[in-house]
Amino acid sequence: HETAAAPLLSPQEQRVLELLATGQSYQEIARQLIVSVNTIKTQLRHIYRKLGATSRQEAIDLAQRLDLLP
């Protein structure tokens with residue numbers, strides 16, 4: 001079972017999170033990863049759930065605290 005202390009992000013979710021942290025829009029992330037904006041939204045919902053976050057900034061802050069971002 002996943003916990004906020006040890007979230008299990010897929011490699012794709014990790015890439016999306018890293019791009020999100022650079023301030024890119026959903027459209028920019030989708031274009032870079034060659035997927036639809038809806039795919040990015042779905043992946044971000046999963047990331048937020050796994051991290052226990054409710055916003056972009058909260059997800060980034062939590063990811064930094066958990067050393068998930070370079």
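As shown above, the structure is provided for reference.
Conventions adopted
Residues numbered from 1 in each chain as written. Predicted model: local features only at pLDDT ≥ 70, side-chain atom pairs only at ≥ 80, totals over all residues. Heavy atoms only, no water. Helix = DSSP H or I, 4+ residues; strand = E, 2+ residues; numbered from the N terminus. Buried < 20%, exposed > 50% of the residue type's maximum accessible area, 1.4 Å probe, protein only. Contact = heavy atoms within 4.5 Å. Arc of directions from axis to C-beta. Salt bridge = Lys/Arg side-chain N within 4 Å of Asp/Glu carboxyl O. Axes fitted to C-alpha atoms, helices over the stretch in contact; angles between N-to-C directions. Parallel < 35°, antiparallel > 145°, perpendicular 65-115°, else oblique. Nonpolar A, V, L, I, M, F, W, Y, C, P; charged D, E, K, R; others polar.

S.K.: What should I look at first to understand the side chain of Gln-43 in this one?
M.R.: Tracing the backbone shows Gln-43 in helix 3 (residues 37-51). When its relative accessible area of 14% is taken as the criterion, Gln-43 is described as buried. Apart from residues no more than four positions distant in its own chain, Gln-43 is found in contact with Gln-12, Glu-13 and Val-16.

S.K.: How should I be thinking about helix 2 (residues 26-33) in this particular structure?
M.R.: Side chains three or four residues apart in an α-helix point the same way, a direct result of the helix having 3.6 residues per turn. By the burial criterion, the buried members of helix 2 are Ile-29, Ala-30 and Leu-33. The arc that holds the buried residues of helix 2, viewed along the axis, is 100°, so those residues lie on one side. The secondary structure elements touched by the buried residues of helix 2 are helix 1 (11-21) and helix 3. The positive-phi residue at the C-terminal boundary of helix 2 is Ile-34, with phi of around 55°.

S.K.: Just checking my understanding: could you explain the environment of Ile-29 for this structure?
M.R.: Residue position: Ile-29 is located in helix 2. Setting aside its immediate chain neighbours within four residues, Ile-29 contacts Val-16, Leu-19, Leu-20, Gln-24 and Ile-40.

S.K.: Any chance you could explain the pattern of salt bridges here in plain terms?
M.R.: Pairing between side chains of opposite charge can happen when their charged atoms approach one another. With the rule as written, the count across this model stands at one salt bridge. Where Glu-13 meets Lys-50, a salt bridge forms, and the shortest distance between an N and an O atom there is 2.8 Å. Taken together, the positions of Glu-13 in helix 1 and Lys-50 in helix 3 put the pair 37 residues apart, joining distant regions of the chain. Both residues of the pair, Glu-13 and Lys-50, count as buried.

S.K.: Sorry if this is basic, but what is going on with the packing of helix 2 against helix 3 here?
M.R.: Between two packed helices, both the angle of their axes relative to each other and the distance between the axes serve to describe the pair. For the pair helix 2 and helix 3, interaxial distance at closest approach is 9 Å and the crossing angle is 105°. On the basis of their axis angle, the class for helix 2 and helix 3 is roughly perpendicular. On helix 3, the residues touching Tyr-26, Gln-27, Ile-29, Ala-30 and Leu-33 of helix 2 are Val-37, Ile-40, Lys-41, Leu-44 and Tyr-48. Residue classes in the contact of helix 2 with helix 3 are distributed as eight nonpolar, one polar and one charged.

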